[in-house]
Every structure is written in structure tokens, then in C-alpha cells.
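# Report on the structure
Given next are the chains, with one letter for each unit.
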Amino acid sequence: MSALSVRQIRRRYLVLYALRWLPAGLLIPVMILLMQERGLSLSQIGLVVTAQGLIVLALELPTGGFADALGRKPVLVAAWVTCVISLVVFVVADSFWLFVLCWGLQGVYRALDSGPLESWYVDATLAADPEAEYERGLGYAGTVIGVAIGAGALLSGGLVALGPIGPVSALTLPVLAAIALQTVALVALLILLVETRSAKGAGALRASITEAPRMVGQAFGLLRRSRVLLALVAVELFWGFGMVAFEGLLPVRLAEVVGDADRAAALLGPATSVAWLANAAGAALTPLMLRHLGAAPSAALLRVLQGVTVVGMGLFAGPVGVLIAYLACYAVHGASNPLHMGLLHRQVDGPYRTSVISLNSMMAGGAGALGAVVLTALAERTSVSLGLFVGAVVLAVAAPLYLPAWRAGRRVATLGGCGDGSVDGPADGRSHDGATPATAGMPGT
């Protein structure tokens with residue numbers, strides 16, 4: 001890994017990240033509509049989508065441990081091949097059970113894909129330069145995902161406008177384009193991601209299967225030994241619950257203020273593309289916030305600001321105000337994620353990095369499922385605005401959970417530790433209060 005420079009590693013990471021999310025942008029506007037076109041009811045679609053969520057919940061941690069034990073590249077290759085297969089099934093699916101198979105394969109893909117590319121980037125960067133600030137690349141990645149999804153959504157709309165072509169329906173064209181782009185992404189992954197592994201072949205595969213449960217256990221052990229890491233992962237519980245407010249309730253709120261569901265849907269299409277561009281713009285501000293405030297204070301401030309934007313969605317009476325609050329929310333969201341993930345990475349020793357990312361993701365997913373039940377029921381029985389307000393409060397109350405990282409970072413800065421003074425060393429079992437262990441140098445990642 002160290003043969004590449006920090007800049008080359010970052011460039012490859014961002015190219016692969018863009019290629020990973022561009023097909024998703026193509027699919028987001030058409031997947032639900034295409035299933036309806038093929039005859040599924042909304043209740044059936046809900047059950048189909050649940051198949052993905054259940055599989056991700058079951059496989060998130062085992063696949064994270066597998067990636068740490070076997071290597072990030074082979075797991076990513078398996079993930080992206082699975083994605084291509086699932087999309088091929090999606091193109092031909094014409095029954096409930098075929099769609100369940102498709103979304104089940106998407107669940108396997110998402111579980112395998114959760115963390116390895118980011119972990120490779122951080123490990124490769126620190127192998128090339130232990131003093132490197134990889135948070136900058138994570139911030140750029142937030143910009144890339146916004147631009148990629150926004151561009152994919154616009155391209156999807158253009159393809160639908162061109163269709164149908166022969167026997168291929170207009171809604172199927174973006175899926176075919178996504179298959180082509182995902183195949184290109186797979187080829188690029190094989191070429192660009194360079195990883196050094198001590199063992200390969202069948203023996204390495206068997207050893208990694210045996211080793212994966214230990215990796216998962218070590219990831220949980222890190223939480224027990226580091227208050228900083230435990231607090232950061234706990235943020236995801238509030239974040240996952242609160243995200244339901246601006247992802248799930250916003251369309252209902254917009255329809256409420258517009259007075260017509262069809263018109264709201266027409267407004268939400270371009271608004272979604274712009275929201276992801278706002279997400280990208282927010283991520284681009286990450287280096288500035290790191291320089292002036294530090295990671296932990298910035299992350300805490302953004303949690304509160306995001307709560308304020310969600311309150312705006314429930315408070316404003318007209319569609320313009322609701323959409324402005326929606327765009328502001330996504331801008332804050334784009335800036336928040338790189339800061340949070342940068343703090344998380346600073347707490348993790350290299351061998352367990354993907355396992356901890358998977359654990360972090362699993363917390364958000366489980367809390368999101370709970371939020372979907374609670375907030376939608378609250379909105380249905382009282383008002384959509386009240387559901388948004390509760391979600392906003394949950395988002396904002398996570399802010400104090402960044403205090404342990406901030407305090408540990410100040411101790412490290414006082415002792416002349418990490419360069420930005422915002423985070424501490426890895427939770428590798430030698431530290432019980434989140435501070436950098438006395439015997440540790442730079443994070444072993």
C-alpha cells in the first residue's frame with residue numbers, strides 16, 4: 001500500500017467512491033415506480049424492501065469482521081459482483097418473490113460494501129504517511145457522493161424521458177444504465193485498489209472465516225474499553241432515529257403544505273437532486289471547520305443545526321420555506337458525516353477498522369427502523385409537524401456525546417499528540433478513558 005503517495009491514494013478512493021454511488025443515483029428515482037409498473041402494491045413493496053433491511057442487519061457485523069480478516073479488496077469485489085447480479089434480476093423480475101430475491105441480494109451487497117473502501121483509504125493513507133490528515137479525503141468523499149447521486153438522478157430522468165426503446169420500458173432504461181456503470185466500477189476497482197495482504201488463496205479464505213468472529217468480538221471490546229468510541233457509536237442511535245424525520249416525513253409534509261400529492265412529488269424530484277448537491281457543498285466545508293473549530297466541536301454544533309433545520313420543515317407554512325429547510329438540512333448532513341467518521345477512525349486500530357464501521361452502521365440502521373415506526377405513528381395520530389419536531393429534538397440531543405472526543409483531543413493537544421488536537425489515539429485495549437495510551441505512537445492503522 002505504501003508504494004502509492006497520499007495524493008494518489010485519495011484520488012483513487014474518490015474515483016471509486018464516485019463510481020460506487022453514480023449507479024445509485026440512477027436507481028433512486030425509478031425503483032419504487034418500476035415495481036409498481038410490474039404489478040406490486042405499496043404494501044408488497046414495503047415487504048420487499050424489508051428483505052434488504054433484515055439481511056443487512058444480520059450480515060453487517062460478520063461481513064465487517066470478514067473484511068478485516070481477509071482483506072478489503074476481495075470483499076469489495078464480491079460486493080460489487082453481487083450488486084450487478086441483483087440489478088440483472090431487477091430488470092427481469094415480474095413477481096413478488098423475484099423482487100424479494102433482488103432486494104435480498106441488495107442486502108448482501110450493502111452489508112459487504114459497508115466500510116471496506118473507506119477502511120482501505122484510511123489504512124493506505126496512514127501507511128504512506130502516518131502524519132497524514134485523512135479527514136480531508138473523507139470530506140471530499142462527502143462532496144463526491146452528493147455530486148454522483150445528483151448527476152445520476154438527473155441522468156435517470158433524461159433516460160426516462162427518452163424511453164421507451166423497443167420492448168424496454170422507460171423506467172427500465174436507468175436500471176440497464178446502472179448495470180453498465182456498476183460493471184465499469186467493478187473493473188476500475190480491480191485496477192485501482194491496491195492492497196497488500198499477507199496470505200491469499202483457499203487457506204487465507206478459511207483462516208479469515210475463522211478469524212472474522214474474533215474481529216467482531218474485538219470491535220465490541222473496543223467499545224467497552226473506550227468511552228470516546230462508545231459515545232461516538234451512540235451518536236448513531238440518535239442520528240439514525242432522527243434521519244427518519246427528514247427522509248421519511250418530508251414528502252408527507254410537502255404534500256400537506258402544497259395540498260396535492262402529485263404536485264409535491266413533482267417538486268420533490270428536482271429538489272432531491274439539489275439536496276444532494278447541497279450535501280456535497282456541506283461536505284466541501286469540512287476542511288474549513290476542521291481548521292477553525294476542530295472535529296468534535298464542529299460535529300456537535302452540526303447536530304444542533306440539523307435539528308434546527310428539521311424544525312424549520314415542520315414550522316414553515318409554504319412549500320418554499322419547507323424546501324429551503326430541506327436543502328439546509330442536507331447541507332448540514334453532508335458536513336456532519338465526514339467529521340463523525342474522521343473522529344471514529346481515530347479511535348480504531350487498523351485490524352478492526354471495518355468491524356467498528358459496521359457496528360456504527362448497524363446502530364444507525366436499528367435506530368432508523370425504530371424511528372420509522374415511532375415517528376410515522378406519531379405523525380399519523382397527531383400531526384406531521386409534531387413528528388418532525390420530535391425527530392429534530394432527537395438529532396440535537398446527540399451533540400453532548402461528542403464531548404468525550406473533544407476532551408480527549410484537548411488532552412492530546414496539550415501533550416503534543418495528534419496534529420489537529422481534535423481526536424485521540426486508537427482504542428486498542430491500552431486506554432480506558434479515551435486518551436492516547438502512553439506507550440502508543442501514531443494510530444496503528
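Residues numbered from 1 in each chain as written. Predicted model: local features only at pLDDT ≥ 70, side-chain atom pairs only at ≥ 80, totals over all residues. Heavy atoms only, no water.

### So, a nonpolar patch on the surface
On the surface, L237, F238, V393 and V397 cluster together to form a nonpolar patch covering roughly 310 Å² of accessible area. Looking at where F238 falls in the secondary structure, it is placed in helix α10 (residues 227–258). (Patch = residues over 30% accessible without salt bridge, like charges linked within 9 Å, V, L, I, M, F, W, Y side chains within 5 Å. Areas by Shrake-Rupley, 256 points an atom, 1.4 Å probe, with all protein chains shown as cover. Salt bridge = Lys/Arg side-chain N within 4 Å of Asp/Glu carboxyl O. Helix = DSSP H or I, 4+ residues; strand = E, 2+ residues; numbered from the N terminus.)

### Quick look at the pattern of salt bridges
Counted according to the given criterion, the structure contains 3 salt bridges. The shortest N-O distance in the salt bridge between R72 and D123 comes to 2.4 Å. Linking R72 in helix α4 (residues 72–92) with D123 in helix α6 (residues 116–128), this pair joins segments that are 51 residues apart in sequence. Residue classification places R72 among the buried residues on the basis of a relative accessible area of 6%. (Buried < 20%, exposed > 50% of the residue type's maximum accessible area, 1.4 Å probe, protein only.)

### Regarding α6
With 13 residues, α6 extends 18 Å between its outermost C-alpha atoms, agreeing within 8% with the 18 Å of an ideal straight helix rising 1.5 Å per residue. Burial analysis of α6 places 11 of its 13 residues in the buried class, the great majority of the element. (Expected span 1.5 Å × (residues − 1).)

### Here we look at the confidence of the model for the protein
Averaged over all residues, the pLDDT of the protein equals 79, while 80% of them reach at least 70. Within the protein, the lowest mean pLDDT, 61, falls on helix α9 (residues 201–225), and the highest, 95, falls on helix α8 (residues 173–192). (pLDDT = per-residue confidence, 0-100.)

### Some thoughts on the packing of helix α1 (residues 6–27) against α8
Geometrically, a packed helix pair is captured by the angle between its two axes and the distance between the axes. Where α1 contacts α8, the axes come no closer than 8 Å and their chain directions differ by 165 degrees. If you check the angle between α1 and α8, you find them roughly antiparallel. For the element pair α1 and α8, the recorded crossing hand is left-handed. Note on element contacts: α8 touches α1 through P174, V175, A177, A178, L181, Q182, A185, A188, L189, I191 and L192, opposite R12, V15, L16, L19, R20, L22, P23, L26 and L27. Across the contact of α1 with α8, the residue classes break down as 17 nonpolar, 1 polar and 2 charged. (Axes fitted to C-alpha atoms, helices over the stretch in contact; angles between N-to-C directions. Parallel < 35°, antiparallel > 145°, perpendicular 65-115°, else oblique. Left-handed = near helix turned anticlockwise from the far one by under 90°. Contact = heavy atoms within 4.5 Å. Nonpolar A, V, L, I, M, F, W, Y, C, P; charged D, E, K, R; others polar.)

### Focus: the packing of helix α7 (residues 135–162) against α8
Direction vectors running N to C along α7 and α8 enclose 130 degrees, while the axes themselves pass 8 Å from each other. Considered as vectors, α7 and α8 are oriented oblique to each other. Remark: the crossing between α7 and α8 carries right-handed chirality. From α7, S156, L159 and V160 reach across to α8, where they touch L173, P174 and A177. In terms of residue class, the contact of α7 with α8 is made up of 5 nonpolar, 1 polar and no charged.

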